[in-house]
Amino acid sequence: MKKKSKKVPKEMQDIFSSITRLTDEFSNRYLNEEYTEFIQYAVAELCRKRPSPLLKGNLNIWACAVTHAIGRVNYLDDRTQTPHVETAKLYEAFGVKPSTGQAKSKQVRTLLKMTQSDVNWTLPSRMENNPLAWMIQINGFIVDVRTQSKKIQEIAYEKGLIPYIPEK
């Protein structure tokens, strides 16, 4: 699991602040603190890229794209989830055309190597329900570590294979 950081190079601080101002406003209105924080982590990571893709393009589009990318990993558009925001509403809130939002979100997901249910970008409150977070290989077999002994869970945690030692 990747460590998260909000550190950005000095020359990217203004861009980071401008984008996160937009995403924080959206998060405060429609999402929650976890989303706010993970979106900020993603923006910071994009700021640290060399060269940063955030140097080119509309900041509203980048804000929308990062929010959509984090939302996609965490199934934000799934009506059974809380919070839930339909993709069209997300694009509308940022004033971004759906085709532009989708394309830029795809770029963000590619740059940050994000996938659906990605354990590196899953919100902490959703980690328990993310099956990918708990699968490890033992003697050539893929197993859910939550069904294994406490000792195996501790080893998996020490090796960084699972996010935390699950409670039984």
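Residues numbered from 1 in each chain as written. Predicted model: local features only at pLDDT ≥ 70, side-chain atom pairs only at ≥ 80, totals over all residues. Heavy atoms only, no water.

Caption draft 1: Spotlight on the side chain of Ser117. Tracing the backbone shows Ser117 in the loop between helix 5 (98–111) and strand 1 (135–138). Judged by relative accessible area, which is 11%, Ser117 ranks as buried. Each residue touching Ser117, except ones within four places of it in the same chain, is listed here: Val73, Tyr75, Thr122, Asn130 and Leu132. (Helix = DSSP H or I, 4+ residues; strand = E, 2+ residues; numbered from the N terminus. Buried < 20%, exposed > 50% of the residue type's maximum accessible area, 1.4 Å probe, protein only. Contact = heavy atoms within 4.5 Å.)

Caption draft 2: Structural view of the packing of aromatic side chains. One pass over the full model with this rule turns up five aromatic pairs. Relative to Tyr30, the ring of Phe26 has its centre 4.8 Å away and its plane inclined at 40 degrees; by these criteria the two rings are tilted. Note that Phe26 and Tyr30 are positioned in helix 1 (residues 13–30) at a spacing of four residues, about one turn of the helix. Both rings, one in Phe38 and one in Tyr41, keep their centres 5.5 Å apart while their planes meet at 70 degrees; by these two values the pair is edge-to-face. Taken together, the residues Phe38 and Tyr41, both in helix 2 (residues 33–48) and three residues apart, mark about one turn of the helix. Taken together through their ring pairs, the aromatic side chains of Phe26, Tyr30 and Phe94 make up a single cluster. Taking NZ or CZ as reference, Lys4 lies 4.1 Å from the ring centre of Trp121, over its face. (Phe/Tyr/Trp six-rings, centres within 6.5 Å; stacked < 30°, edge-to-face > 60°. Lys NZ or Arg CZ within 6 Å of the ring centre and 35° of its normal.)

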